[in-house]
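Letter by letter, the chains look like this.
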Amino acid sequence: MRNTKSTAALTDRVNAQPWPELIDEIDAYGCAQTGPLLTPDECAEFTRMWDDLPRFRSTIDMARYRFGQGTYRYFADPVPEPIMAMRAAFYRKLLPVARSWAERLGDPAPWPNDFADWLDACHGAGQVKPTPILLRYTEGDWNALHRDLYGELVFPLQVVIGLDRPRIDHTGGEFLLVEQRPRAQSKATVTVLEQGHGLIFTTRDRPTPSSRGWSRAPVRHGVSRIRGGIRHTLGLVLHDAE
């Protein structure tokens, strides 16, 4: 995956997704699962990176910080080119959604057309640390509901890609999205993340229809308990961290 041709292929796969349908689903539910983005061999290559410690800037033990149970690693600069290519491709496709949501909520829309310019803005605000992560869960692990904010500048959508086969390499470990509804009980969405597929989901808040026009629905995400096996995922947050 290190050559220009394979990196371009990943960009093409992101671009080839059924974007009108995905955007409709994101608007309606706050998340949507893509079709295949990575081949099984590419998934295995990302998984093998886990043991290549110089690739990463830090390792987080979730239990230590009461985030749940499991481990994840933040990629160091330079982030692998395939990851950066997918981040840029998703940014371009999701930018109209981000701007539409900001307009509905009356929020600023600080996102430029180009992903590189957006990262420059993050870095200018002191958010200079790369945020792509590789996550690993073993039996009994789980991830508490949370939001990946990392600083003042936030892109409202992000992506997680499954690297293992559910029901074969692991059981349990469903992706959880919980939306706090105005003056009502919360709503949950549960997704089985297929190998090589991505899930696009809300980072912080999303607009929902209300009698007054649009309301702000806070959203958090997490992972249910792994009942057996090992689950790896690749997280593509589209802003950098302080």
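- For the protein chain, the name recorded in an unreviewed UniProt entry is 2OG-Fe(II) oxygenase, with Nocardia iowensis as its organism.

### A few points about the overall build of the protein chain
Part 1 of the reasoning: Helix and strand counts for the protein chain come out as five helices and 15 strands.
Part 2 of the reasoning: Principal axes of the C-alpha set define a box for the protein chain whose edges measure 50 × 40 × 35 Å.
Part 3 of the reasoning: A total of 242 residues make up the protein chain; the buried ones form 50% of that total.
Part 4 of the reasoning: Residue pairs in contact within the protein chain that sit at least 24 positions apart in sequence constitute 78% of those at least 6 positions apart.
Part 5 of the reasoning: Looking at charge distribution, the protein chain has the averaged site of its 30 positive side-chain charges lying 5 Å from that of its 30 negative ones.

### Things to note about the pattern of salt bridges
Opposite charge on two side chains lets them pair, provided their charged atoms get close.
Part 1 of the reasoning: The tally for this structure, following the rule as stated, stands at 11 salt bridges.
Part 2 of the reasoning: With its nearest N and O atoms 3.0 Å apart, the salt bridge here joins Arg55 to Asp52.
Part 3 of the reasoning: Look at the salt bridges and you will find they share partners, linking Asp107, Arg147, Arg204, Asp205 and Arg216 into a network.

### Comments concerning the environment of Gly228
Part 1 of the reasoning: Positionally, Gly228 belongs in strand S14 (residues 226–229).
Part 2 of the reasoning: Among the residues examined, Gly228 registers a relative accessible area of 15% and is labelled buried.

### Examining the sheet that holds strand S11 (residues 197–202)
Part 1 of the reasoning: One open sheet accounts for seven strands, arranged S1-S11-S7-S15-S5-S4-S2; its pairing is antiparallel. What marks the edges here is a single partner per strand, and that holds for strand S1 (31–36) and strand S2 (56–61). Mean inter-strand twist for the sheet, computed between neighbouring axes without regard to direction, equals 20 degrees.
Part 2 of the reasoning: Of the strand pairs in this sheet, strand S7 (residues 157–162) and strand S15 (residues 231–236) are connected by four bridges, and their pairing is antiparallel. Paired with Gly162 across the two strands is Thr233, which belongs to S15.

### Some words on the nonpolar core
Part 1 of the reasoning: Counting residues in each nonpolar core, the largest one holds 43 residues, and the members touching the most others are Phe90 and Phe155.
Part 2 of the reasoning: Looking at this core, the elements with two or more residues in it are helix H1 (4–15), helix H2 (19–29), helix H3 (40–48), helix H4 (81–105), helix H5 (115–124), S7 and S15.
Part 3 of the reasoning: Considering every element that reaches this core, the biggest residue donor is H4, with 12 residues.
Part 4 of the reasoning: In contact with Phe90, not counting residues within four places along its chain, are Val14, Trp19, Thr34, Leu37, Val159, Ile200, Leu236 and Leu238.
Part 5 of the reasoning: Counting nine residues, the second largest nonpolar core, distinct from the first, contains Tyr72, Ile133, Leu135 and Ile226.

### Remarks on the packing of aromatic side chains
Part 1 of the reasoning: The final tally for this structure, using the stated rule, is nine aromatic pairs.
Part 2 of the reasoning: Arranged with centres 5.6 Å apart and planes meeting at 25 degrees, the rings of Tyr65 and Phe67 form a pair that is stacked.
Part 3 of the reasoning: The class for Tyr65 is partly exposed, based on a relative accessible area of 40%.
Part 4 of the reasoning: A residue is classified by how much of its surface remains accessible, and Phe67, at 36% relative accessible area, is partly exposed.

### Let's talk about unusual backbone geometry
Part 1 of the reasoning: The residue after Asp77, namely Pro78, is reached through a cis peptide bond having omega -5 degrees.
Part 2 of the reasoning: With respect to the element layout, Pro78 can be found in the loop between strand S4 (71–75) and H4.
Part 3 of the reasoning: Within the chain, Arg66 stands out as a residue other than glycine whose phi angle is a positive 60 degrees.
Part 4 of the reasoning: Relative to the helices and strands, Arg66 resides in the loop between S2 and strand S3 (68–69).
Part 5 of the reasoning: Of the residues examined, Arg66 reaches a relative accessible area of 76% and is grouped as exposed.
Part 6 of the reasoning: For Tyr150, which is not glycine, the phi torsion reads 75 degrees and is therefore positive.
Part 7 of the reasoning: Among the structural elements, Tyr150 can be located in the loop between strand S6 (142–146) and S7.
Part 8 of the reasoning: On the basis of relative accessibility, which here comes to 22%, the residue Tyr150 falls in the partly exposed class.

### Observations concerning the packing of H2 against H4
Part 1 of the reasoning: Packing of H2 against H4 leaves a shortest axis separation of 11 Å and a crossing angle of 35 degrees. Every pair of crossing elements has a handedness; the one defined by H2 and H4 is right-handed. Here H2 contributes Trp19, Ile23, Ile26 and Asp27 to the contact with H4, which in turn contributes Phe90, Lys93, Leu94, Val97, Trp101 and Arg104.
Part 2 of the reasoning: Classifying every residue of the contact of H2 with H4 gives seven nonpolar, no polar and three charged.

Reading the values: the criteria
- Residues numbered from 1 in each chain as written.
- Predicted model: local features only at pLDDT ≥ 70, side-chain atom pairs only at ≥ 80, totals over all residues.
- Heavy atoms only, no water.
- Helix = DSSP H or I, 4+ residues; strand = E, 2+ residues; numbered from the N terminus.
- Buried < 20%, exposed > 50% of the residue type's maximum accessible area, 1.4 Å probe, protein only.
- Contact = heavy atoms within 4.5 Å.
- Lys, Arg positive; Asp, Glu negative; His and termini not counted.
- Charge placed at Lys NZ, Arg CZ, Asp CG, Glu CD.
- Salt bridge = Lys/Arg side-chain N within 4 Å of Asp/Glu carboxyl O.
- Pairing = 2+ DSSP bridges.
- Axes fitted to C-alpha atoms, helices over the stretch in contact; angles between N-to-C directions.
- Core = buried A, V, L, I, M, F, W, Y, C linked by side-chain atoms within 4.5 Å.
- Phe/Tyr/Trp six-rings, centres within 6.5 Å; stacked < 30°, edge-to-face > 60°.
- Left-handed = near helix turned anticlockwise from the far one by under 90°.
- Nonpolar A, V, L, I, M, F, W, Y, C, P; charged D, E, K, R; others polar.

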